[in-house]
Amino acid sequence: MGGNELTRRLISIHSEAQQELAGGTRLTIRSRLLAHVAQRPFLGWGLGTFPVVYPEFRSFYTTFFVNQAHNDYLQLLVETGLAGFAIAVWFLVLVFRRAASKLKN
């Protein structure tokens, strides 16, 4: 199912990702997210606003457009604040509880 072409593409995706954000850039991005949360802790900055808001808090120069936090949970916390994050966690807990009860049956 794909053979060599699929293997080459998967390898190229891995190498592209390394070139894109090498040298701990993802960790640097994540470290600045707490400053976002500190400014708007309860309601956050709004869904989908990360690429607009992040440059204000960026602590390094890059030619890349940082459009994601590269961590879904931290990005959700920044965009929706503690209220939205709590709702999302509550939803996940409900889903897993119901799934676990269905698996028992």
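Whatever comes next refers back to the structure up there.
Bear in mind that the values here come from a model prediction, so they are computed numbers and not experimental data.

Draft legend 1. Up close: the side chain of threonine 80. Along the chain, threonine 80 falls in helix α4 (residues 72-104). Relative accessible area serves as the criterion here: at 16%, threonine 80 is assigned to the buried category. Within the structure, the side chain of threonine 80 is placed 2.6 Å from the backbone oxygen of leucine 76, a separation counted as a polar contact. In this view, threonine 80 contacts Phe42, Leu43, Gly44, Leu47 and Phe85; residues no more than four positions away in its chain are not counted.

Draft legend 2. Spotlight on the nonpolar core. In this structure, Ile29, Leu33, Val37, Trp45, Phe50, Val53, Tyr54, Phe57, Val66, Ala69, Leu77 and Val78 together form the largest nonpolar core, which totals 12 residues. Contributions of two or more residues to this core are made by α2 (25-39), α3 (50-57) and α4. Considering every element that reaches this core, the biggest residue donor is α3, with 4 residues.

Reading the values: the criteria
Residues numbered from 1 in each chain as written. Predicted model: local features only at pLDDT ≥ 70, side-chain atom pairs only at ≥ 80, totals over all residues. Heavy atoms only, no water. Helix = DSSP H or I, 4+ residues; strand = E, 2+ residues; numbered from the N terminus. Buried < 20%, exposed > 50% of the residue type's maximum accessible area, 1.4 Å probe, protein only. Polar contact = N/O pair within 3.5 Å; in protein donor to acceptor, adjacent residues only side chain to side chain. Contact = heavy atoms within 4.5 Å. Core = buried A, V, L, I, M, F, W, Y, C linked by side-chain atoms within 4.5 Å.

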